[in-house]
Amino acid sequence: MDKELQSRYETLKSKVTKRAGEFSELMEYLEKETQWLIAPASTRFHLCRESGLLEHSINVAETLIRIKDTLYPMIEDESCVIVAFLHDLGKVGMPGEPLYLKNQPTEKQRRAGYGPTYPYSYNNDLTYLSVPIRSLYLALPFITLTEDETQAIAYHDGQYVDDNRSVAKNERPLTLLLQYADNWCGFVVEER
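Residues numbered from 1 in each chain as written. Predicted model: local features only at pLDDT ≥ 70, side-chain atom pairs only at ≥ 80, totals over all residues. Heavy atoms only, no water.

*Asks:* Hey, could you run me through the overall build of the chain in this one?
*Replies:* A tally of regular secondary structure across the chain gives 8 helices and 2 strands. Relative to a compact globule of 192 residues, whose C-alpha radius of gyration would be 16 Å, the chain shows 17 Å and is just as compact. C-alpha atoms of the chain, sized along the principal axes, occupy 60 × 35 × 30 Å. Counting over 192 residues, the chain shows a buried share of 47%. Long-range contacts, defined here as pairs at least 24 residues apart, represent 63% of the contacts in the chain between residues at least 6 apart. Here the chain displays about 10300 Å² of accessible surface, and carbon together with sulfur accounts for 51% of that area. A distance of 6 Å separates the average location of the 21 positive side-chain charges in the chain from that of its 29 negative side-chain charges. (Helix = DSSP H or I, 4+ residues; strand = E, 2+ residues; numbered from the N terminus. Rg over C-alpha atoms; globule rule 2.2 N^0.38 Å. Buried < 20%, exposed > 50% of the residue type's maximum accessible area, 1.4 Å probe, protein only. Contact = heavy atoms within 4.5 Å. Areas by Shrake-Rupley, 256 points an atom, 1.4 Å probe, with all protein chains shown as cover. Lys, Arg positive; Asp, Glu negative; His and termini not counted. Charge placed at Lys NZ, Arg CZ, Asp CG, Glu CD.)

*Asks:* Please explain the packing of helix H2 (residues 20–33) against helix H4 (residues 77–86) as it appears in this structure.
*Replies:* Geometrically, a packed helix pair is captured by the angle between its two axes and the distance between the axes. Relative to each other, H2 and H4 sit at 20°, their axes nearing to 13 Å. Between H2 and H4, the angle falls in the class roughly parallel. For the pair H2 and H4, the sense of crossing is left-handed. On the side of H2, the interface is formed by Phe23, Leu26 and Met27, while H4 contributes Val81, Ile82, Phe85 and Leu86. The class makeup of the residues in the contact of H2 with H4 is 7 nonpolar, no polar and no charged. (Axes fitted to C-alpha atoms, helices over the stretch in contact; angles between N-to-C directions. Parallel < 35°, antiparallel > 145°, perpendicular 65-115°, else oblique. Left-handed = near helix turned anticlockwise from the far one by under 90°. Nonpolar A, V, L, I, M, F, W, Y, C, P; charged D, E, K, R; others polar.)

*Asks:* Before we go on, may I ask you to explain the side chain of His56 in this structure?
*Replies:* Here His56 shows up in helix H3 (residues 52–71). A polar atom in the side chain of His56 sits 3.2 Å from the side chain of His87. With residues near it in sequence (within four places) discarded, His56 still touches Ala41, His46, Leu47, His87, Asp88, Asp182, Cys185, Gly186 and Glu190. (Polar contact = N/O pair within 3.5 Å; in protein donor to acceptor, adjacent residues only side chain to side chain.)

*Asks:* Could you clarify how one ought to interpret the pattern of salt bridges in this entry?
*Replies:* It is possible for side chains bearing opposite charge to pair when their charged atoms get close. Going through the model one piece at a time under the given rule, you end up with 15 salt bridges. Note that Asp77 is salt-bridged to Lys68, the shortest N-O span being 2.9 Å. For Asp77, a relative accessible area of 24% corresponds to the partly exposed category. Here Asp88 and Lys91 are joined by a salt bridge, their closest N and O atoms 3.4 Å apart. (Salt bridge = Lys/Arg side-chain N within 4 Å of Asp/Glu carboxyl O.)

*Asks:* When you look at the nonpolar core in this model, what are you seeing that I'm missing?
*Replies:* Note on soluble globular proteins: their nonpolar side chains tend to be buried together. Core analysis: the largest hydrophobic core is formed by 49 residues, its most contacted members being Trp36, Phe85 and Leu86. Of all elements in the fold, only helix H1 (3–13), H2, H3, H4, helix H6 (131–139), helix H7 (147–154) and helix H8 (173–189) reach the threshold of two or more residues within this core. Looking at which element gives the most residues to this core, the answer is H3, with 8 residues. Residues in contact with Leu86, not counting those within four places in the same chain, are Leu26, Ser135, Ala139, Ile143, Leu145 and Ile153. (Core = buried A, V, L, I, M, F, W, Y, C linked by side-chain atoms within 4.5 Å.)

What follows is the structure, given as structure tokens:
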């Protein structure tokens, strides 16, 4: 990880103070046992590269803090960092089994001197869980989340996902702000 990204990462982690012990234990687990530090953010869209997920999570956390400071400052920075870091956590897969596998070029692509059309593919050997559900599955053994944080993580994709219609018009402020920060980063900051 480059120094600038590392610095941004450490600055954000230091904002978690009330649940510092739990959060530190979770981060240590993720950093040592999963693809958290190297997973891409997607298989072919935004930040489809090594450490793309970490960069995306940092971008979302920073953006979320900025917009909540303007629109809803009563939300704590700690909650913003936690939901931003955990919203796409499921993209790491499971310990020892990444969700996104690096594609290897075919023999024809190698001979022609170019790589696969898409750098990553989905690991179909994992039990299917949506990204938010896998995120919660990985995080909850380590950290206590509020109901608002749980809703934000579970429904961060908003109405882009059919399964999320059940929460329509019942979103809490943190959920709405996370949805916006995530979309802003994915569609504007990180430009496909």
